[in-house]
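Chain residues, written in single-letter form:
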Amino acid sequence: MSILVDTETRVVVQGITGSEGAFHSAQMREYGTNVVAGVTPGKGGMMHEGVPVFNSVRQAVGETGANTSAIFVRAAFAADAIMEAADAGIRLIVCLTEGIPTLDMIAARQFVDRRGALLVGPNTPGVISPGQCKVGVMAGYIHREGPVGIASRSGTLTYEVVYQLTRRGMGQSTCVGIGGDPIIGLSFVDILQRFEADRETEAVIIIGEIGGSQEEEAAEYFRTRMTKPIVAFIAGVTAPPERRMGHAGAIISGGRGGAGDKIRALEAAGVVVARNPADIGETLIGVLRGA
Amino acid sequence: MKIYEYQAKGLFRGYGIAIPRGSAALTAREAGEAARTLGAPPFVVKAQIYAGGRGKTGGVKVADTPAQVQAAAQSLLGVRLVTPQTGGDGQVVAAVLVEEALSVERELYVGITIDRAARCPILLASAEGGVEIEKLAAERPEAIVRERIDVGFGLRPFQASAVAYALGLPPKQASACSALLLKLYRLFMEKDCANVEINPLVVTKAGDLVALDAKINIDDNALFRHPDLAALHDAAQDNSLEAEATGLGLNYIKLKGNVGCMVNGAGLAMATMDLIKHVGAEPANFLDVGGGASATMIKEGLRIILSDGDVKLLFVNIFGGILRCDTLAQGLTEGARELGIGVPVIIRLEGTNREIGEKLLVSSGLNFIPVGGMGEASQKIAELLKVA
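These remarks concern the structure in this document. Owing to the predicted nature of the structure, the values given are computational and were not obtained by experimental measurement. Residues take numbers from 1 onward in each chain, read along the sequence in its written order. The lettering of chains begins at A and the numbering of ligands begins at 1, in the order of writing. Confidence filtering applies because this is a predicted model: local features only for residues at pLDDT of at least 70, side-chain atom pairs given and counted only at 80 or more, and all residues used for totals across whole chains, interfaces and linings. The basis for every side-chain value is the complete set of non-hydrogen atoms in the structure, without hydrogens or water.

For the rest of this paragraph, the subject is the overall build of chain B. Helix and strand labels come from DSSP, where a helix needs a run of H or I of at least four residues and a strand needs a run of E of at least two; each type is numbered from the N terminus. From N to C terminus, chain B includes 13 helices and 18 strands. Seen through its principal axes, chain B has C-alpha atoms that stretch 80 × 50 × 40 Å. Using a 1.4 Å probe on the protein chains alone, a residue whose accessible area is under 20% of its type maximum counts as buried, one over 50% counts as exposed, and one in between counts as partly exposed. With 388 residues in all, chain B has 52% of them scored as buried. The contact criterion used throughout is that any non-hydrogen atoms of two residues lie within 4.5 Å. Considering only contacts within chain B whose residues lie at least 6 apart along the sequence, 68% involve residues at least 24 apart. Each accessible area is a Shrake-Rupley result for a 1.4 Å probe, and residues are judged covered by the shown protein chains and nothing else. Carbon and sulfur atoms make up 53% of the accessible area of chain B, which amounts to about 16100 Å² in all. His is not counted here, nor are the chain ends, while Lys and Arg score as positive and Asp and Glu score as negative. To locate a charge, the coordinates of NZ of Lys, CZ of Arg, CG of Asp or CD of Glu are taken. Positive and negative side-chain charges in chain B, numbering 39 and 43 respectively, have mean positions lying 2 Å apart.

What follows is the structure in structure tokens.
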């Protein structure tokens, strides 16, 4: 089954002619994703490696029926690109860009909500349903199809967990990077709701980190609404306070958002929390087999 | 990005938010001059650092004459001030702010920050100013007024007014407070702030509202569109290794520990630090090399981590996926030869051509220890540190 992306996904790549957009479009297509259009204002009318390029997302949607967007646009312009996609009727917007100003994202998220679109990210590696569709930058070969749903605030830490599972023959239904920023689209709770409703997902891994309250909210959702097991790992037990640890959203501020508090909230709700990042896959396998 | 109190007050002045009369001084002499310009005592001399809690450890002094102001400035400038908020190392006092002392009737708190859960700016206010707001929030949350702001409409006058009256202010002051809050919101939005705080916002005996302190933190992601604000950053306060790393495009935070780490990706980097702690060692740093992972960047990353004399062991954890491990291994061996690395380097590489990369590392004759995953890395770290 999978959530968010599947074989029906038709992708328009915003920023297709830039170096990141071009490289990852080719990688997505190699994986089997249906990239139907690209958008770079000023380059409309040309073909980029067999993909038609348009000046606007609206035009791209009109001519190709694109329903999903992958945004590889610079931080200064990315929030506007998100809004453009929502305005053009795109249903799922995946914004890979890191570094978007927070106030821009507050406006973009409101805009997306009003148009009824879904946003993943920003500052995310994207979404992949192994064997069906990849909208993002993750390496396809480390994934395999299977029953584990993954929701993560990280990039390479997600790959680490995916690989731990794949090497043990335990595949993934869908992996969603919700992103490392303070203001994002789909939250952990939004993704958990979808995994709970997805027939193919039997268990979920949450990869969280310091900052914000996503993990606490997920704990509450799990406690009150979820029937499938969750294994979590929270990065940043050793992070010093008041320092931004790479991700804009990874900061312990005013004493709030520490890893310890998140771990306590998750465990109190019945989530199994792995303490050693090397054991996350193993822990999930143990929980699923024991269930 | 934080700015100093005197710089924040400069911004306040531009938005019509009342501040005490005064000016910043970089030397003791300038401080004395500033006092002479102010005229009537008493004067307040405030250490300018990127942290609060100064009053608790002698960072704020009161003086009665310009000569005393000069002496107070002399005792503060260039000194490493430790406060409950600076951490043990403290911060060097770069400047002092010399101000007229105010006659304070009441102390209030007002601030605007981002409510991540509600995804909007939020106005916070309290009739109990002058205390640590986090402490107040933890002990008596009911003492804090909260007003969420819809960016589509901005902070509405009716909201600002409601907050002002909730602080228990009489009509004339509530009106002035309301006007101040609207200006503060404009500043917050126009300058892309992550956080602004006036603590305390005082009501003087004459009934005026004045920002006695000012804290402004600018959204790092927005600095590109505020070059004037970016220019306010005092690079002298940066840890020198951290500043060097930033210049090279590396994200490095120095900690105190014996195992250095170099990783691609912030989440994996934090997890790697956590793993080091988990096996009983102390992470010496956070280092995210980002998506690039070029040979030069690897070499520079190695050099920066190894500048820290406490590092006894290095763990390089690169999960590339698309990255070519043989190219990376070449960069590592070249870098290691050039730098002459004296500590063991545990390397975990994941990506295309992993086996070729590992062979290169082993055959280099350098002290590289390839491991197959984070579990194996765990074991190796524990093993090597027992011997060390």
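Before going further, it helps to spend a moment on the interface of chain B and chain A. Between chain B and chain A, the residue contacts involve 48 residues of the former and 58 residues of the latter. Note: buried area is the sum, over both parts, of the accessible area (probe 1.4 Å) each one loses when the two are combined. Around 4100 Å² of area is buried between chain B and chain A when both sides are counted, 60% of it from carbon and sulfur atoms. Should a side-chain nitrogen of Lys or Arg be within 4 Å of a carboxyl oxygen of Asp or Glu, the pair is scored as a salt bridge. Here chain B is connected to chain A by 4 salt bridges. Close ionic contact of A:Asp104 with B:Arg225 constitutes a salt bridge, the shortest N to O distance being 2.8 Å. Between N or O atoms, a polar contact is any pair within 3.5 Å; within protein, one atom must be a potential hydrogen donor and the other a potential acceptor, and residues adjacent in sequence are included only when both atoms are from side chains. At the junction of chain B with chain A, the criterion picks out 12 residue pairs in polar contact (both at pLDDT 80 or more).

Here the focus is the state of the cysteines. Here, two cysteine sulfur atoms that lie within 2.5 Å of each other are counted as a disulfide. In the structure shown here, the tally under the stated rule is 0 disulfides over all chains. Summary of cysteine pairing: B:Cys193 is not part of a disulfide, and the nearest cysteine sulfur, belonging to B:Cys120, is at 16 Å.

Okay, the packing of aromatic side chains next. Aromatic ring pairs are reported here in terms of the distance separating the ring centres and the angle at which the planes meet. A pair of Phe, Tyr and Trp rings is counted when the ring centres sit within 6.5 Å of each other, with Trp represented by its six-membered ring. The angle between the planes then sorts it: under 30 degrees is stacked, over 60 is edge-to-face, the rest tilted. In this structure the tally under the stated criterion is 4 aromatic pairs over all chains. An angle of 55° between the planes, with centres 6.1 Å apart, marks the rings of A:Tyr159 and B:Phe319 as tilted. Linking A:Tyr159 in helix α5 (residues 156-167) with B:Phe319 in strand β16 (residues 313-324), this pair reaches from one chain into another. In this structure, A:Tyr159 and B:Phe319 share a single accessibility class: buried. Measuring from ring centre to ring centre gives 6.2 Å for B:Tyr4 and B:Tyr6, while their planes differ by 20°; the resulting arrangement is stacked. On the accessibility criterion, B:Tyr4 (2% relative accessible area) is buried. By relative accessible area, B:Tyr6 is classed as partly exposed at 27%. Here A:Arg115 stacks its cationic end above the ring of A:Phe111, 4.1 Å away from the centre of that ring. Geometrically, a lysine NZ or arginine CZ counts as sitting over a ring once it is within 6 Å of the ring centre and also within 35 degrees of the ring normal.

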